[in-house]
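# Structural overview
One-letter residues, chain by chain:
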Amino acid sequence: MSDYNELVNIDIAGKNILIREDLNVPLENGKIINDARIRAAIPTIKYALSKGAKLAIISHFGRPKEGEFNEKFSLRLVARRLSEILKMEVFFEDKPLDVKSPEYKNNITLYENTRFLNGEKSGDSKLAEKIAKNCDVFVMDAFGSSHRKHSSTFTISKYAPITCGGLLLMNEILNIEKIFKDPKKPVLAIIGGSKISTKLNILKKLITKVDAIIIGGGIANTFLLSSGYSIGKSLVEADMVIDAKKIINIAKEKNVSIPLPKDVVCESSNNSFIKNTNEITDEEMIKDIGPKTSTIYKKFIKEAGTILWNGPVGVFEDALFENGTKDIACSIKDAKALTIAGGGDTISAIEKFINIEDLDYISTGGGAFLEFLEGNELPGIKIIKKL
Ligand code: ADP
Ligand code: MG
């Protein structure tokens, strides 16, 4: 039995269904450049339509000033794309939801950006009540916004007769939980990125759950410093050295491997060169893992039963420092393990070096994915939990 109230277990024929999606796709020069988030919402929408429900869809889009309409942040283009993908008319309603509640006259209507509405971000009750008016069921499906306690992601559940999780949200929960619930061992986490401060809570959680953690990117610099290495001018968070040490100590206690880089790619005077980690001079800046380290990391990836990846292990945006992240991505592609990844820059790296389909699961959430991994109860998930 599921711990959650799920859309698939509710009779929605002929009902008014309010669905919160995360349709916050990237735009460039007024064009949608990646519609992955729209496509991710399709299963829930198609499912609800197939059951004969009438749909009102709500979402935020970008970061407009609250309380003001701004054409740049309008969902109109998204409605059009949604129409194209569904091959049916999607009505677009630009009247603000705090003025006019959804009326469910059409099969499917997308409403204008929830972040134009006063009170959305503070989780205002009056606004939530307005939006929920006339709905029979509220479907929370916006995993990417589930860490927000906003009016349309959280408060609204107080006013909807029934609240449940959509297919996308349930799929995210099911897949991410695979890392913790009876995973195939050994479990390997690869945690990179620029700042340890943004990943510290995840590391603290993972250290008690996994068999090995590969630490890369700027985060590795702080670990190297905490282990007594000189790291020159590399990006570092000196106030996190104590935390890094604590993690290394817990790892020793729990027998978790944390293989730190043996060699790295450095930058100095606009040149790049490979150095052993114990030979970094004051002028050098670590920007990637080196080939010896890659070989060691590849072995961990090859032998793992489950792999979680968040955070590039180098400044992969620059061709001089992309090899480490490229090696990780390619080994993950070939791995026999169950592979799960998430994070905005991690997904960019995956798209650059391999394909999204090469992994078993890629989360649509950035911040929400990280908070879920930390073990936090996310507001947008709390509301669909059975009491
Ligand atoms: P994600 O979005 O996948 O969670 P992060 O935002 O934590 O990942 O980190 C990605 C960024 O980390 C990239 O822009 C990359 O350039 C940077 N990075 C990786 N390694 C280093 C390094 N050695 N020094 C500085 N920045 C780094
Ligand atoms: Mg990022």
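Description of the structure in this document. (Residues numbered from 1 in each chain as written. Chains lettered and ligands numbered in written order. Predicted model: local features only at pLDDT ≥ 70, side-chain atom pairs only at ≥ 80, totals over all residues. Heavy atoms only, no water.)

Attention now goes to the sheet that holds strand β11 (residues 263–268). Here three strands make up an open sheet; going across it, the order is β12-β11-β13 and the pairing antiparallel. Only two strands of the sheet have a single neighbouring strand rather than two, namely β12 (271–276) and β13 (285–289). Averaged over all adjacent pairs, the angle separating strand axes in this sheet is 40°, with direction ignored. Of the pairings in the sheet, the one linking β11 to β12 comprises six bridges and is antiparallel in character. Within the sheet, the bridge partner assigned to Asp 263 lies in β12 and is Asn 276. (Pairing = 2+ DSSP bridges. Helix = DSSP H or I, 4+ residues; strand = E, 2+ residues; numbered from the N terminus. Axes fitted to C-alpha atoms, helices over the stretch in contact; angles between N-to-C directions.)

A separate point is the site of ligand 1. In the region of ligand 1, 18 residues are neighbours, and Lys 199, Gly 314, Glu 317, Asp 345 and Thr 346 sit closest. In the environment of ligand 1, a nitrogen atom lies 3.5 Å from a nitrogen or oxygen atom belonging to the backbone of Gly 218. Thr 346 places a polar side-chain atom, nitrogen or oxygen, 2.4 Å from an oxygen atom of ligand 1. For ligand 1, the protein covers 84% of the area, taking 590 Å² as the surface of the free molecule. For the shell around ligand 1, the secondary-structure elements that each account for two or more residues are α6 (217–226), β13 and α10 (344–353). Here the shell around ligand 1 takes three residues from α10, the largest share from any one element. (Near = heavy atom within 4 Å. Polar contact = N/O pair within 3.5 Å; in protein donor to acceptor, adjacent residues only side chain to side chain. Areas by Shrake-Rupley, 256 points an atom, 1.4 Å probe, with all protein chains shown as cover.)

Time to look at the sheet that holds strand β16 (residues 361–362). Think of a sheet as strands paired side by side through backbone hydrogen bonds, with each pair either parallel or antiparallel. Read from one edge to the other, the open sheet built from five strands follows the order β10-β9-β14-β15-β16, with strand pairing classed as parallel. Pairing within the sheet leaves two strands with one partner each, and these edge strands are β10 (212–215) and β16. Alignment of strand β9 (residues 187–191) against β10, held across four bridges, turns out to be parallel. When the bridges of β10 are listed, Ala 189 appears paired with Ile 213. Taken strand by strand, α10 contacts β14 (306–310), β15 (338–341) and β16, and its axis lies near 110° from that of β14. (Contact = heavy atoms within 4.5 Å.)

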